[in-house]
Amino acid sequence: MKKILVFILLVALIIPALSYAKRTPRYKAVEVTNGGTIKGTIKSENRVDDPVIPIRVKPKGDPEETRLEEDTCGSSQQAMMYVLSPDNEVKNALVIVEGITHGRAAPKKDITINNLRCRFEPLVSIAYVKSYYIIRNSDPLLHNTWLGKVLNAGARRTIFNLALPYRDQVIKKPNRVAGLINVRCDIHPWMRAYVYSSRHPYAAITDAGGNFEIRDIPPGTYKIRVWHEGFEDIIKEVKVKPDSTSDFRAVFTNTRRPFFMK
Amino acid sequence: MKKIIKGNIFIIFALSLMVLAFAIESPARDDDAEYAAMIESGRKVYEVRCLLCHGENGDGNGLAGIIRRAERNGRILEIYPRDLAMGVFRFRTTPTGCLPVDQDIIDIISNGVPRSFMPSYKHLPREDIKAVREYIKTFSFRWEEEEPCEPISVNRPVWAGNPDSVRKGRKIYKEMKCGECHGYTGKGDGPKSNDLKDDQGKQILPFNFTTGNLKRGSSPENVYITFTTGLDGTGMPSYEDSLNEEDRWHLVSYTLQLMKKGE
């Protein structure tokens, strides 16, 4: 009898535990009435020069086509990686409220990634799960737009990979995957872009003055990640109080080489 | 332990009932035992047949390690067993970015990937193949979060492979710039062929139409589905949105000609 009871207990506990372990935590959309704001500036400790990326077009079968590619892509590109204000404020840093479990619903907003003169436009953007990616090719060349979720070990996980052989071609794809995503083109290995794909509305990109603002956050203490392609991440905690603004300042100290330069 | 149980017999019983009731109430619970049994037999098949290459956790780091093979043109190909924990599949019938349907995985396990030394498991009982398919799904969380998309249907027209279609296909091969990677004459030596990297950042060579068989088997249908869906994780992009069905078959005709399988 006792053995049976212990058995029942174990089975009864294990079955739901197993099915719970399978479920992943999701973001819950709720109404936020007394939300707070995080507002601040991201800087770099040092002045960093923006690199120039050399472009070398390999000869194609048809010299006409080689010329077309040279004309479209140019012979070099300003990386626009380190775009700093005179006071070293950093543009294009992503500020992300991490691990947030509930808050306002993410907006329905599609984002466009344009292949323009052999670079992706925009370089950094925020996308929302359940909205769409709109991939456009504005060049008279074959581009492929290959999104991959950035994984820890320097690897990535393909999200999708589209060929765009025509000028003005537009392809719409659903956004199903959350996380930091990098965008590549195999044909032009220097091309790159970054998307933070979010389930929630609490992420921002810094402007030319290094400024950002994230509003309507449910009060609480949050981990903020500041990401930039050319700097090591900064993680800091911040307290958000009802109906008030928390000041957030972070300074990048270490640079890093992004994937397309490796 | 005995004492604790005795003293709390009612509580334990009530608790068990509550939890059981919860378990019964939620859907799909009936299948749990059946599912667990399938996973268990899948694990056994995996440990005997697949572990050596794909590794204990499915991450591709089995004892077999990397296999190197020289291409006919002298280039060295490095072949890695797939990291099944990534949940990214090359050989699908579903659009780029999607999980494969069950039949896709069955096809891969049954046929193997001869060009990459993955053996065929045609001889295994169908139940075993199904079980190991379910078992490898446990390596990646993607199977809990996503559903596979609708597969792309493949209906070969009677004219596929005829000379007129081959001629049209040659033009499409050029327009689609397949040659950038695969070479203008299909020899896998296009201007970008040495710059391609896979998801792991390792070099990957485009297919040489004039020497090899397709990894997934060289039927016209497989050629069609390859460039339509793309091979996720490899750099081979999807042309689903770039070509209509008719043009896709012309392209198949031409590539079969390159592979000397047409006409």
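Note that residues are indexed from 1 along each chain, following the sequence as it is written. Working convention: letters from A go to chains and numbers from 1 go to ligands, in the order in which they are written. Only residues with pLDDT of at least 70 are given local features in this predicted model, and only at 80 or more are side-chain atom pairs given and counted; all residues enter the totals for whole chains, interfaces and linings. Side-chain metrics in this entry use all non-hydrogen atoms of the structure; hydrogen atoms and water are not considered.

S.K.: Just checking my understanding: could you explain the state of the cysteines for this structure?
M.R.: Working definition: the covalent bond between the sulfur atoms of two cysteines is a disulfide. All names here are of chain A. Count a disulfide wherever a pair of cysteine sulfur atoms falls within 2.5 Å. Inspection of the entire model under this criterion finds two disulfides over all chains. There is a disulfide in this structure between Cys73 and Cys118, and the S-S distance comes to 1.9 Å. Residues Cys73 and Cys118 share a disulfide whose torsion about the S-S bond is about -50°; that sign makes it left-handed. Of this pair, Cys73 sits in helix α2 (residues 63-73) while Cys118 sits in the loop between β7 (111-116) and β8 (119-121), and the two are 45 residues apart along the sequence. The same class applies to Cys73 as to Cys118, namely buried. Strands here are runs of E lasting at least two residues and helices are runs of H or I lasting at least four, both read from the DSSP assignment and numbered beginning at the N terminus. Relative accessible area decides the class of each residue, using a 1.4 Å probe on protein chains only: under 20% of the type maximum gives buried, over 50% gives exposed, and in between gives partly exposed.

S.K.: Which parts of the structure should I look at to understand the pattern of salt bridges?
M.R.: When charged atoms on two side chains of opposite charge get close, those side chains can pair. Any Lys or Arg side-chain nitrogen found within 4 Å of a carboxyl oxygen on Asp or Glu counts as a salt bridge. The final tally for this structure, using the stated rule, is 27 salt bridges over all chains. Across the salt bridge formed by Asp199 of chain B and Arg156 of chain A, the nearest N and O atoms sit 3.6 Å from each other. Remark: Arg156 of chain A occurs in strand β12 (residues 156-164) and Asp199 of chain B occurs in the loop between α9 (179-182) and α10 (220-229); the pair is interchain, linking two chains. One exposure class covers both Asp199 of chain B and Arg156 of chain A, and it is buried. In this structure, Arg215 of chain A engages Glu213 of chain A in a salt bridge whose closest nitrogen and oxygen atoms are separated by 3.0 Å.

S.K.: Explain the side chain of Gln77 of chain A to me, please; I cannot follow it from the model alone.
M.R.: All names here are of chain A. As for its position among the elements, Gln77 is in strand β4 (residues 76-78). In terms of polar contacts, Gln77 uses its side chain to reach the backbone carbonyl oxygen of Arg117, at 3.4 Å. The term polar contact refers here to a pair of N or O atoms within 3.5 Å; inside protein, the definition further demands a hydrogen-donor-capable atom paired with an acceptor-capable atom, and it admits residues adjacent in sequence only when both atoms are side-chain atoms. Among the polar contacts made by the side chain of Gln77, one reaches the main-chain carbonyl oxygen of Cys118 at a distance of 2.9 Å. The contact definition used throughout considers only heavy atoms, calling two residues in contact when any of these lie within 4.5 Å. Here Gln77 is in contact with Pro51, Val52, Ile53, Ile55, Arg117, Cys118, Arg119 and Trp190, once residues within four sequence places are set aside.

S.K.: Quick question: what am I supposed to make of the pairing of strand β20 (residues 245-252) of chain A here?
M.R.: Walk down a regular strand and you will see the side chains alternate between the two sheet faces. Residue and element names in this part refer to chain A. Of the two faces of β20, the one lined by Ser246, Phe248, Ala250 and Phe252 is fully buried and the one lined by Thr245, Asp247, Arg249 and Val251 carries no buried residue. What makes two strands pair is DSSP finding at least two bridges between them. Two elements, strand β2 (residues 36-44) and β20, share eight bridges in a ladder whose sense is parallel. When the sheet's bridge partners are listed, Ile38 is paired in β20 with Ser246.

S.K.: Hey, could you run me through the domain arrangement of chain B in this one?
M.R.: All names here are of chain B. Under the domain assignment used here, chain B contains domain 1 (52-145) and domain 2 (163-258). All domain edges in this entry derive from an automatic or database-based domain assignment. Between the C-alpha centres of domain 1 and domain 2 there is a distance of 21 Å. The term buried area means the drop in 1.4 Å probe accessible area that two parts suffer when joined, counted for both and summed. Regarding the contact of domain 1 and domain 2, the summed buried area is about 2000 Å², with carbon and sulfur atoms giving 51% of it. When the area that domain 1 buries against domain 2 is broken down by residue, the three leading residues are Arg75, Arg90 and Arg115, summing to 33%. The tally of links between domain 1 and domain 2 comes to one salt bridge. Between Asp232 and Arg92 there is a salt bridge whose closest N-O contact spans 3.2 Å. Grouping the constituent residues of the side of domain 1 that touches domain 2 by class yields 11 nonpolar, seven polar and six charged. Under the scheme applied, nonpolar residues are Ala, Val, Leu, Ile, Met, Phe, Trp, Tyr, Cys and Pro; charged residues are Asp, Glu, Lys and Arg; polar residues are all the others, including Gly.

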